[in-house]
Amino acid sequence: NGGSGYMKYLIADDDDGNLSNGTPHMKAIYEAFNDFEIACASPSVMDSGCVTTPSIAPVVIAYPGFGSVRLTWNGINGASSYAIFRTEGPKGCHAGKIKLTETTATFYNDKGLQAGREYFYIVIPKGPSSSCFGPSSQCTAAVPIELPEVKVLCPTEKIVLNLRDKTP
């Protein structure tokens, strides 16, 4: 039945307009629906498409900055772009991820962050179509740092840098 939820998921996952040759995630979709005995017997279940999809995860390094985090990662063969996700809170990367952006670069600067707060990131390499993506990076955490407090005292002509530890 073309109007069933199962078929709608397959159509959304399809990468070439032909369900008879499978979809990139057809086996996983079938198993999820079949667990509740609502999957269809036709079309035949097979994963296909996404031949050049990335097969390895990027390795992400996070560099905390002043109210920011700079992410860098290795380029992945077959990746046409990278989706960057961020989350925060006690569950880390296990809940509440938001997509920050998608880029063709192998770096991203996340700005306007709260200093002292922990942020978590994953990067997912994307293949030739929106249905084709590789494995995500490991969860990477970073804590932006605060800007140092700078005071200029006059008329003594002395400059005092106070880095919040009360050292003149």
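Source: prediction; values computed, not measured.

What counts, and where the lines are drawn
- Residues numbered from 1 in each chain as written.
- Predicted model: local features only at pLDDT ≥ 70, side-chain atom pairs only at ≥ 80, totals over all residues.
- Heavy atoms only, no water.
- Helix = DSSP H or I, 4+ residues; strand = E, 2+ residues; numbered from the N terminus.
- Contact = heavy atoms within 4.5 Å.
- Core = buried A, V, L, I, M, F, W, Y, C linked by side-chain atoms within 4.5 Å.
- Buried < 20%, exposed > 50% of the residue type's maximum accessible area, 1.4 Å probe, protein only.
- Disulfide = S-S within 2.5 Å.
- Salt bridge = Lys/Arg side-chain N within 4 Å of Asp/Glu carboxyl O.

**Q** Talk me through the environment of Q138; I want residue IDs and the actual numbers.
**A** Structurally, Q138 can be placed in the loop between β6 (119-126) and β7 (140-142). Spatially, the C-alpha atom of Q138 lies 9.8 Å from that of I124, the residues being 14 residues apart in sequence. Apart from residues lying up to four places away in sequence, Q138 is in contact with Y121 and I122.

**Q** Describe in detail the nonpolar core, supporting the description with residues and values.
**A** Soluble, globular proteins show a tendency: their nonpolar side chains are buried together. Ranked by size, the top nonpolar core spans 14 residues in total, and within it V69, L71, W73, I84, Y121 and V123 carry the most contacts. Broken down by secondary-structure element, the contributors of at least two residues to this core are β1 (60-65), β2 (68-73), β3 (81-88) and β6. With residues up to four places along the chain from it excluded, the contact list for Y121 reads V69, L71, F85, R86, C93, L100, D110, L113, Q138, C139 and T140. In terms of nonpolar packing, the next biggest core, distinct from the first, is built from eight residues, Y6, I29, F33 and C40 among them.

**Q** Can you lay out the state of the cysteines for me, pointing to particular residues and giving the numbers?
**A** Enumeration according to the criterion identifies one disulfide in this entry. Through a disulfide, C93 is tied to C139; the S-S separation comes to 2.1 Å. Disulfide C93 to C139: torsion about the S-S bond roughly 75°, handedness right-handed. Note that C93 is positioned in the loop between β3 and β4 (98-103) and C139 in the loop between β6 and β7, a separation of 46 residues in sequence. Overall, the relative accessible area of 11% leaves C93 in the buried class. By relative accessible area, C139 is classed as partly exposed at 38%.

**Q** Describe the pattern of salt bridges, with residues and values.
**A** Here the structure, examined in full by the defined rule, presents four salt bridges. With its nearest N and O atoms 2.5 Å apart, the salt bridge here joins E88 to R117. Pair noted here: E88 is in strand β3 and R117 is in the loop between β5 (107-111) and β6, with a separation of 29 residues, a long-range link. Here E102 ties to K99 by a salt bridge, and the two come within 2.8 Å at their closest N and O atoms. By relative accessible area, which is 45% here, K99 ends up partly exposed. Counted as one network, the salt bridges with shared partners bring together K99, E102 and K126.

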